[in-house]
Amino acid sequence: MNAEIIAVGSELLLGQIVNTNAQFLSQQLAALGINVYFQTVVGDNAGRLEQAVKTAQTRANLIIFTGGLGPTKDDVTKETIARLLGRRLVIDEEALRAIEAYFARAHRPMTDNNKKQALVLEGATVLKNENGMAPGMALTVAGITYMLLPGPPKEMRPMFTRYGIPFLRAAFPLSGRIESRVLRFFGIGEAALETALADLIDAQSNPTIAPLAGDGEVTLRLTAKHRDAAEAQRLLDEAEAAILARVGRYCYGYDDETLFTKTSERLKERGWTIAAAESLTGGLFLEQLTAVPGASRIVQGGVVCYTNGVKQQVLGVPRPLLETDGAVSESCARVLAENVRSLCGADVGISFTGVAGPDPLEGHPPGTVYIGIAMRERGTAVRRLTLSGTRGDIRIRAAKYGCFLLLELLAADR
């Protein structure tokens with residue numbers, strides 16, 4: 001089974017809303033062993049939708065539509081599919097009664113155009129909408145199955161889960177499952193990662209290995225297909241083991257984990273707290289860390305020490321040190337980390353000082369960053385980094401590096 005998802009709605013093309021429906025459906029179809037090779041977005045235009053459907057018919061035997069089932073004139077999905085397939089639209093009496101009951105409960109008059117939502121393709125299996133008004137439908141014609149679903153996620157998701165999946169299971173001999181696993185890496189570039197794994201990527205078949213870079217991180221999506229879920233997981237385990245044997249030191253997590261959620265998790269496991277002294281990051285590190293639920297268990301506090309005056313007066317950095325070594329220095333990062341830990345009574349103190357750019361500072365080019373980490377009864381480590389990118393890139397990457405370095409130290413301290 002090869003599927004294509006067609007999302008209908010001009011608001012998607014205008015960027016007014018994000019197409020989360022396609023993500024959800026792709027995940028659900030993968031679990032059924034159905035390949036999704038194409039996703040299409042088309043506006044509320046019958047001609048362009050018809051063109052998109054004709055293209056999909058040449059490369060998919062399952063086409064799933066989301067959106068365009070409502071009561072207004074720009075809801076054109078049903079009408080377009082009916083015209084292409086030569087099918088009439090007929091009233092589904094059960095759906096009509098449900099729509100009438102909705103308006104009765106709301107004490108609102110039902111306008112004639114709302115009856116349009118009860119129209120379905122003649123001969124289609126009707127998919128109940130228990131969270132809205134317009135029903136979905138599924139119909140197979142000339143070897144291609146068409147499934148029409150509403151656009152609002154709160155309606156589409158339960159409809160597909162409750163009625164769409166059973167329809168597909170009954171209609172097709174779905175013997176395989178597609179299982180995916182995402183490995184998350186930091187501290188290594190996409191090119192370096194691919195070079196280290198070049199032979200594994202070139203030889204991929206089942207599972208497949210797909211690299212993706214973004215925000216200073218690299219992910220590898222491993223995808224295995226097998227009729228038995230346990231066997232698919234075994235294939236993923238083997239591929240993961242081969243990858244980690246080469247680049248495991250850079251792997252910090254899986255799937256939806258982030259450096260900040262992983263850092264929070266590790267600190268909670270130890271029962272440790274953290275405080276931060278932030279110069280170039282300006283509070284960004286703690287902003288990201290406190291966005292993780294349960295942050296009150298680990299975050300003691302912090303100081304945005306953007307000026308030398310605050311570094312001296314609040315965090316006790318000696319003036320002679322700032323005059324000789326400068327704020328952008330290993331010694332400054334060390335004192336900041338140690339003193340913020342002491343000031344806030346935390347188990348870990350972390351500091352960020354450097355040059356975000358665009359101009360040099362104290363003779364250092366943009367991207368020069370020092371990160372200090374002071375751990376209770378374990379001394380202080382300082383790392384110098386040379387980061388690239390825009391001012392924003394350097395700041396977020398510095399904050400992420402703080403997490404990554406702390407995770408390394410916590411792992412070594414076990």
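Residues numbered from 1 in each chain as written. Predicted model: local features only at pLDDT ≥ 70, side-chain atom pairs only at ≥ 80, totals over all residues. Heavy atoms only, no water.

With that settled, consider the UniProt feature "domain: MoaB/Mog" (unreviewed entry) in the chain. When the UniProt feature table is mapped to this numbering, "domain: MoaB/Mog" (unreviewed entry) covers residues 4-170. Measuring from the first to the last C-alpha atom of residues 4-170 gives 19 Å, for a span that is 41% helix and 23% strand. (UniProt positions renumbered as here; feature names shortened; annotations may be inferred. Helix = DSSP H or I, 4+ residues; strand = E, 2+ residues; numbered from the N terminus.)

For the rest of this paragraph, the subject is the layout of surface pockets. Sizing a probe to match a water molecule and rolling it over the atoms shows the empty space that remains. Estimates place the volume of the largest pocket at around 690 Å³. The wall of the largest pocket is formed by 23 residues, among which Gln27, Ser180, Val182, Arg221 and Asp255 lie closest to the centre. Elements that contribute at least two residues to the lining of the largest pocket include exactly α2 (20-31), β9 (177-186), β10 (208-214) and β11 (217-226). It is β9 that contributes the most residues to the lining of the largest pocket, six residues altogether. Taken together, the residues of the lining of the largest pocket sort by class into nine nonpolar, seven polar and seven charged. By volume, the second largest pocket amounts to about 360 Å³. Looking at the second largest pocket, it is lined by 26 residues, and the ones nearest its centre are Glu11, Gly67, Pro150, Gly151 and Pro152. Elements represented by at least two residues in the lining of the second largest pocket include exactly β1 (2-8), α1 (10-13), α2 and α6 (153-171). Among the residues making up the lining of the second largest pocket, the classes are represented as 12 nonpolar, 10 polar and four charged. (1 Å grid on protein atoms, 1.4 Å probe; cavity = no way out; pocket = protein on both sides within 12 Å on 5 of 7 lines; lining within 4 Å. Points joined across faces, edges and corners; volume = space filled by probe spheres on them. Nonpolar A, V, L, I, M, F, W, Y, C, P; charged D, E, K, R; others polar.)

As a further point, take the pattern of salt bridges. A complete count under the given rule lists 24 salt bridges for this structure. Ionic pairing is found between glutamate 79 and lysine 116, a salt bridge with its closest N-O pair at 3.7 Å. You can see glutamate 79 sitting in helix α4 (residues 77-85) and its partner lysine 116 sitting in the loop between α5 (93-105) and β5 (119-121), a full 37 residues away along the chain. Residue classification places glutamate 79 among the partly exposed residues on the basis of a relative accessible area of 25%. By relative accessible area, lysine 116 is classed as buried at 16%. Of the charged contacts in the structure, one is a salt bridge between arginine 234 and glutamate 231, with a shortest N-O distance of 2.5 Å. Placement of both arginine 234 and glutamate 231 in helix α9 (residues 229-247) is noted, with a separation of three residues, approximately one turn of the helix. When its relative accessible area of 22% is taken as the criterion, glutamate 231 is described as partly exposed. (Salt bridge = Lys/Arg side-chain N within 4 Å of Asp/Glu carboxyl O. Buried < 20%, exposed > 50% of the residue type's maximum accessible area, 1.4 Å probe, protein only.)

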